[in-house]
Structure formats: structure tokens, C-alpha cells
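The chain contents come next:
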Amino acid sequence: MDRERFEKQVAFILEADKEKNIFRQTHLSGHGRQENDAEHAWHMAMMIYLLKEYANEPIDLAKTMMMALIHDIVEIDAGDTYAYDTVAMETQAERERLAAERIFGMLPDDQRDELRNLFEEFEAGETPEAKFARTMDNMQPLLLNNANNGGDWREHQVTRTQIMKRHARNQLGSEVIGAYTKELIEENIRKGNIRDE
């Protein structure tokens, strides 16, 4: 065993555990507490496996699930940027770039490059895997908000324009899920959970 390699891997594994302390704006279904980044990533990976048949193009399942599992790891340093916080979004890319350098840099070089490339592929959103993973990233909080009668949308006064812009690219990963998310959004507008403006 290469002891130095092993110790770097274990250090990264322990660092990744810190995702459990990064709380998102979205609450668990059933009006529970706020979810954390690790729960969000796990939920996305589960969704990718269960809903893979709805991807527009064939995907590498393991790659797509791993993308989901690491896509928010940078938030250990960068913090969670709420999807509708336009001020925080102005600095998000730079904060996350610096975090990616440090966190992925903990790994042995080959794994550093592999995971960093997966992270960047997800961010670019151009491959079939990235498109589908990003669709799941959008759908997951939508499902939780719907299950909570729009509690987080109402709290943050999210508007139809904001949410439609956020979900405009869902159909790139899955036409079926893109249509479904539009239905949920329209339903929540009718219920008054999303401001119709």
C-alpha cells in the first residue's frame, strides 16, 4: 500500500464529511429542518439512478451519480449560494473555483484531476451526464418545495420569472422531466406558493 496516497484519500473523505454542516435554504419534505449539502447530493444520486430512463441521451450512470455526489463539495469553503440570491451569485464562481483548488487538491494527483474534471464538466453542463445531473439538481429542491406547499418559495418571495428562468434548461437533460417540472411550477403558481410576476 502507498501510505501517502492512502492518507490523502482518507483526509479528503473526512473533509467531504463537512458537507453535512452546510445547510441549504430548502427544507426536508414534510416541513422538516433545512437539508444539508450531503443530503441534497445523496438525494440527487438516488434520483439519477431511479430516473435514468428519462434522460434524453444515454448516460454513464456511475459518472453521473459521482457528479451529483461531488458537485457541491466546494460549498465547504464557498458556502451555499441560494439559487435566487442574485448578489451572492455575482461572486459564486470565484469562491467555488478557489474552493475546488483547495479541496480537490487534497487528493492524489490522478483523483484530484478526475474529480476536478467531473466538477467542471457539471458546471459547464454540456455533456449528456452533466445535462441530466443539472436537471436533477434543479428538480430535487423543486420536489421538496412542492412537498412543503412552497414554504421556501414563499419565505423568499420567489417569483414566477425567477423560477422559470432557473428551470428553463431542464429539458436539455430530460424532455419528460422538463415538462413535469413546468407542470409543478404552474401548479404552485395557481396555489399561490410562487408569486405570479
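Our subject is the structure listed above.
Residues numbered from 1 in each chain as written. Predicted model: local features only at pLDDT ≥ 70, side-chain atom pairs only at ≥ 80, totals over all residues. Heavy atoms only, no water.

> Any details on the nonpolar core? Residues and values, ideally.
Formed by 28 residues in total, the largest nonpolar core has its most connected members in Phe 12, Ile 73, Val 74, Phe 104 and Met 136. Elements represented by at least two residues in this core include exactly α2 (37-51), α3 (61-70), α4 (75-78), α5 (86-104), α6 (109-124) and α7 (128-147). At 5 residues, the largest contribution of residues to this core is made by α7. Not counting residues up to four positions away in its chain, the partners in contact with Phe 12 are Ile 73, Ile 103, Phe 104, Met 106, Leu 107 and Leu 115. Membership of the second largest hydrophobic core comes to 10 residues, among which are Leu 142, Ile 185, Ile 189 and Ile 194. (Core = buried A, V, L, I, M, F, W, Y, C linked by side-chain atoms within 4.5 Å. Buried < 20%, exposed > 50% of the residue type's maximum accessible area, 1.4 Å probe, protein only. Helix = DSSP H or I, 4+ residues; strand = E, 2+ residues; numbered from the N terminus. Contact = heavy atoms within 4.5 Å.)

> Please provide a residue-by-residue account of the packing of aromatic side chains, values included.
The geometry of two aromatic rings is summed up by the distance between their centres and the angle between their planes. A complete count under the given rule lists 3 aromatic pairs for this structure. On the numbers, 6.4 Å between centres and 25 degrees between planes, the contact of Phe 12 with Phe 104 is stacked. A residue pair is termed long-range when its members are at least 10 positions apart, and Phe 12 in helix α1 (residues 3-16) and Phe 104 in helix α5 qualify at 92 residues. We classify Phe 12 as buried; its relative accessible area is 9%. We classify Phe 104 as buried; its relative accessible area is 1%. Plain terms: the ring middles of Tyr 82 and Tyr 84 are 5.5 Å apart, the flat faces sit at 75 degrees to each other, and that makes the pair edge-to-face. Of the two residues, Tyr 82 and Tyr 84, neither departs from the other in class, the shared state being buried. (Phe/Tyr/Trp six-rings, centres within 6.5 Å; stacked < 30°, edge-to-face > 60°.)

> Can you explain the environment of Val 158? Please cite residues and give values.
By the element assignment, Val 158 lies in the loop between α8 (151-155) and α9 (160-166). In this structure the C-alpha to C-alpha distance between Val 158 and Asn 145, which are 13 residues apart in sequence, comes to 11 Å. Here Val 158 is in contact with Tyr 82, Tyr 84, Trp 153, Ile 163, Ile 194 and Arg 195, once residues within four sequence places are set aside.

> Please provide a residue-by-residue account of the pairing of strand β1 (residues 23-27), values included.
Inspection of the sheet shows β1 paired to strand β2 (residues 34-36) by 2 bridges, in the antiparallel sense. Across the sheet, residue His 27 finds its bridge partner in β2, namely Gln 34. (Pairing = 2+ DSSP bridges.)

> Give me the packing of α2 against α7: which residues, what numbers.
In helix packing, the relevant descriptors are the interaxial angle and the interaxial distance, both defined with respect to the helix axes. Following both chains from N to C, one finds α2 and α7 inclined at 115 degrees, their axes separated by 9 Å at the closest point. Classed by the angle they form, the pair α2 and α7 counts as roughly perpendicular. Helix-helix and strand crossings are classified by hand; for α2 and α7 the assignment is right-handed. Contacts between α2 and α7 involve His 40, His 43, Met 44, Met 47, Ile 48 and Leu 51 from the former and Phe 132, Ala 133, Met 136, Asp 137, Met 139, Gln 140, Pro 141, Leu 143 and Leu 144 from the latter. Among the residues making up the contact of α2 with α7, the classes are represented as 11 nonpolar, 3 polar and 1 charged. (Axes fitted to C-alpha atoms, helices over the stretch in contact; angles between N-to-C directions. Parallel < 35°, antiparallel > 145°, perpendicular 65-115°, else oblique. Left-handed = near helix turned anticlockwise from the far one by under 90°. Nonpolar A, V, L, I, M, F, W, Y, C, P; charged D, E, K, R; others polar.)

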